[in-house]
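Take a look at the letters that make up each chain.
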Amino acid sequence: KVTILLREDSSVESVSGAGNVHAVQPGPNGFEISSPHADLFLARGNQAQSAVISGGVSFERRGDSPARGRAGKVLLTFGRGGKVSHAKVVDAVQVTQGRAGKSQALRASAVDLLMHNGKRLEKAVTSSGPAEILLSQHATRTTISAGHFEAYFTAQNQLSRVMGSPNAKLVSKTPGQPDRVAGARQFAARFDNQGQIASAQLEGDFHYREGQRTATAERARYSVADGSYTLSGAPRVVDSGVALAADTITLNRQTGTASGKGNVKTTYNDLRAAPNGAMLGASEPIHVTGSSVTASQNTGVAVYTMARLWQGTNMVEAPRLSFDKTRRSLEAQGTSKRRVSTVFVQTDKGGKTTPVAVTADKLAYQDSERKALFSGKVLINSAETTMNASTVQVFLLPRGSATGGNQLDRIVAQGDIQIEQKARKAIGSKVIYTASDQKFVLTGTEGRRPSIFDAEHGQITGDSLTFYTQGDRVLVGSGNSPQL
């Protein structure tokens, strides 16, 4: 049924269609609209002025970027030449653009569409309640929601950029992987020529969740190239009992890493005590600070630069430090300007505790073995003794028998051994030191026997020399030198 209303001069004022209303613009880039009812209002000269399409509208646009959708009502405003300049789509709006496997969709209560020359969509603005943008690319589906959206389009009617606020939220789902959920007060995204997000910025009270990993910051930038979020403004990440803070933090989903730069602070919580462990065997938190860190979610290994690691009174400093939370092990590497350093303690028979500082080019420590392996110009300093060696193995007592977890059991040093004790100097190729009795056993190699120079007793040489931190007694294991 069609009803035509005429003015007094017999010009057409309006045309109303009822029942199976169908409007078609033919051609490869044309469109089709279907609805139960439509009203078209005309100015004098039969110039289309406005239209109301109602009762449940479905529409489809053909071309390189096809679109289809439905709504309760569409209100059209026409400009010069009878071309659409503005469209308002209301009541349960759903619009989908693109083809299967790579598409965009919009769900909203109402959408205002601003057109250029009746052909090109310039801008879309949602209103009357929260809205959603759904992006599909192969198996990954991303939903962006906010109270209000503004979307801008290219000359080819493809989505160019979107801004959403307040309560912006981004949820990305990929089969076999935990959902990524990000939120902030404001959201702004740019799209590539394939209609997919190239980058996004989330501003104001940013928060993120992916499996056990959560994050907060003032703002975050998302890059689709590597699936990463870069957080700034007091960022903090918590993952499986590990809390990380830094000036900026980047979360990369492809590699499963979290990278922090500037004023890095990490706390490893939820640790169980290891009675047979030593330096890292307590249940109290392990702390690490540094200038940067790259932590792997898959392996539990974190690599720090300019690092300082400590648990209780136990501490290691190094230009580069790799810490494995699962194995409670670490590797530290020094440079020409800054070396690896740590401090152990020893207790003499009288119960007196003294520190023993060790510096080296490299350190490897395994808490299950209670062994620290130092290499590269190793220097050991204690109250009574200074020792230089090529490599040093430091064995620690288990935590069950020593408070603090870094108490010396024994030291095995090899290489060019040089030992100084007040007026005594000793050289050799290998030395074993036991902390319980502060005893040194010094040996050499073929052609290079160990020797001790004592200001009071002179030069002493033998196949094996045993001496102590305190006292002037030296035991010669074998050889022709006199026994003192």
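This text follows the structure it describes.
About the cut-offs
Position numbers for residues count from 1 along each chain, tracking the sequence in the order it is written. It should be noted that, the model being predicted, local features are given only for residues of pLDDT at least 70 and side-chain atom pairs only at 80 or more, the latter also being counted only at that level, while totals for whole chains, interfaces and linings use all residues. With hydrogens and water excluded, all non-hydrogen atoms of the structure serve as input to the side-chain values. The aromatic pairing rule takes the rings of Phe, Tyr and Trp, using the six-membered ring of Trp, and pairs them if the centres are within 6.5 Å, calling planes under 30 degrees apart stacked, those over 60 edge-to-face and the rest tilted. Buried means the residue's accessible area, taken with a 1.4 Å probe over protein chains only, is under 20% of the maximum for its type, while exposed means over 50%, and partly exposed covers the values in between. Any Lys NZ or Arg CZ that is within 6 Å of a ring centre and within 35 degrees of that ring's normal is treated as a charge sitting over the ring. Residue types Ala, Val, Leu, Ile, Met, Phe, Trp, Tyr and Cys, when buried and joined through side-chain atoms within 4.5 Å, form a set referred to as a nonpolar core. Should any heavy atoms of two residues lie within 4.5 Å, those residues are counted as being in contact. We count a stretch as a helix when DSSP gives it H or I for four or more residues in a row; a strand needs E for two or more, and each element gets its number in order from the N terminus. Every definition here rests on a 1 Å grid over the protein atoms only: cavities are sets of points where a 1.4 Å probe fits but cannot get out, pockets are open sets enclosed by protein on both sides within 12 Å along at least five of seven lines, and lining residues have some atom within 4 Å of a point. Grid points are joined across faces, edges and corners, and a volume is the space filled by probe spheres set on the points. Residues are sorted three ways: Asp, Glu, Lys and Arg are charged, Ala, Val, Leu, Ile, Met, Phe, Trp, Tyr, Cys and Pro are nonpolar, and all the rest, Gly among them, are polar. Throughout this description, the term salt bridge denotes a Lys or Arg side-chain nitrogen within 4 Å of a carboxyl oxygen of Asp or Glu. Between N or O atoms, a polar contact is any pair within 3.5 Å; within protein, one atom must be a potential hydrogen donor and the other a potential acceptor, and residues adjacent in sequence are included only when both atoms are from side chains.

Peer 1: Please explain the packing of aromatic side chains as it appears in this structure.
Peer 2: Ring pairs (aromatic) are described by centroid distance and by the angle formed between their planes. Overall, the coordinates contain 8 aromatic pairs when judged by the stated rule. When the centroid spacing of 4.6 Å and the interplanar angle of 40° are considered together, the rings of Tyr-433 and Phe-440 count as tilted. According to the relative accessible area criterion, Tyr-433 is buried, its value standing at 4%. Look at Phe-440 and you get buried, because its relative accessible area is 2%. The structure contains a cluster of three or more aromatic residues connected by ring pairs, namely Phe-206, Tyr-208, Tyr-222 and Tyr-229. One Lys or Arg, Arg-161, reaches over the ring of Tyr-152 and ends 4.2 Å from the middle of that ring. The aromatic ring of Trp-310 is capped on one face by Arg-308, whose charged end is 4.7 Å from the ring centroid.

Peer 1: Teacher, can you tell me more about the nonpolar core here?
Peer 2: Side chains of nonpolar character tend, in soluble globular proteins, to be buried together. Among the nonpolar cores identified, the biggest contains 104 residues, and Tyr-229 and Phe-374 are the most heavily contacted of them. Residues in contact with Phe-374, not counting those within four places in the same chain, are Thr-342, Phe-344, Val-358, Ala-360, Lys-362, Leu-363, Ser-390, Thr-391, Val-392 and Val-394.

Peer 1: Please clarify how unusual backbone geometry should be interpreted in this entry.
Peer 2: Looking along the chain, the bond that leaves Ser-165 and enters Pro-166 is cis, with omega of -15°. Its identity is not glycine, yet Ala-92 carries a phi of approximately 55°, on the positive side. Position of Ala-92 relative to the elements: it lies in strand S6 (residues 84–99). Not every positive phi belongs to a glycine, and Asn-263 is a case in point at roughly 50°. The residue Asn-263 is located in strand S22 (residues 257–268) in this model. For Asn-263, a relative accessible area of 55% translates into the label exposed.

Peer 1: Even after reading the chapter, I still don't get empty space enclosed by the protein, so can you show me in this structure?
Peer 2: A water-sized probe, rolled over the atoms, reveals where empty space remains. Enumeration according to the criterion identifies 1 cavity of 30 Å³ or more in this entry. Looking at the largest cavity, its volume works out to about 90 Å³. What lines the largest cavity is simply Gln-346, Val-356, Ile-380, Ser-382, Thr-385, Met-387, Leu-408, Ile-411, Tyr-433, Phe-440 and Thr-469. Of all the elements in the fold, those that place two or more residues in the lining of the largest cavity are strand S30 (371–382) and strand S32 (408–421). Split by residue class, the lining of the largest cavity holds 7 nonpolar, 4 polar and no charged.

Peer 1: Just to check I follow, could you spell out the pattern of salt bridges for this structure?
Peer 2: Note that side chains of opposite charge can pair when their charged atoms are close. Counted under the stated rule, the structure contains 19 salt bridges. When the shortest N-O distance is used, the salt bridge between Asp-361 and Arg-339 registers 3.4 Å. Of this pair, Asp-361 sits in the loop between strand S28 (353–360) and strand S29 (362–366) while Arg-339 sits in the loop between strand S26 (329–333) and strand S27 (340–347), and the two are 22 residues apart along the sequence. Given a relative accessible area of 26%, Asp-361 falls into the partly exposed group. Among the salt bridges present, the one from Arg-424 reaches Asp-454, with a minimum N-O distance of 3.7 Å. Placement of Arg-424 in strand S33 (residues 424–434) and of Asp-454 in strand S35 (residues 451–454) is noted, with a sequence separation of 30 residues between them.

Peer 1: Just to check I follow, could you spell out the side chain of Ser-296 for this structure?
Peer 2: With respect to the secondary-structure elements, Ser-296 resides in strand S23 (residues 286–296). Among the polar contacts listed, one links the side chain of Ser-296 to the side chain of Thr-299, at a separation of 3.2 Å. Look past the residues within four positions of Ser-296 in its chain and what remains in contact with it is Gly-256, Thr-257 and Val-301.

Coordinates in, geometry out; function isn't part of it.
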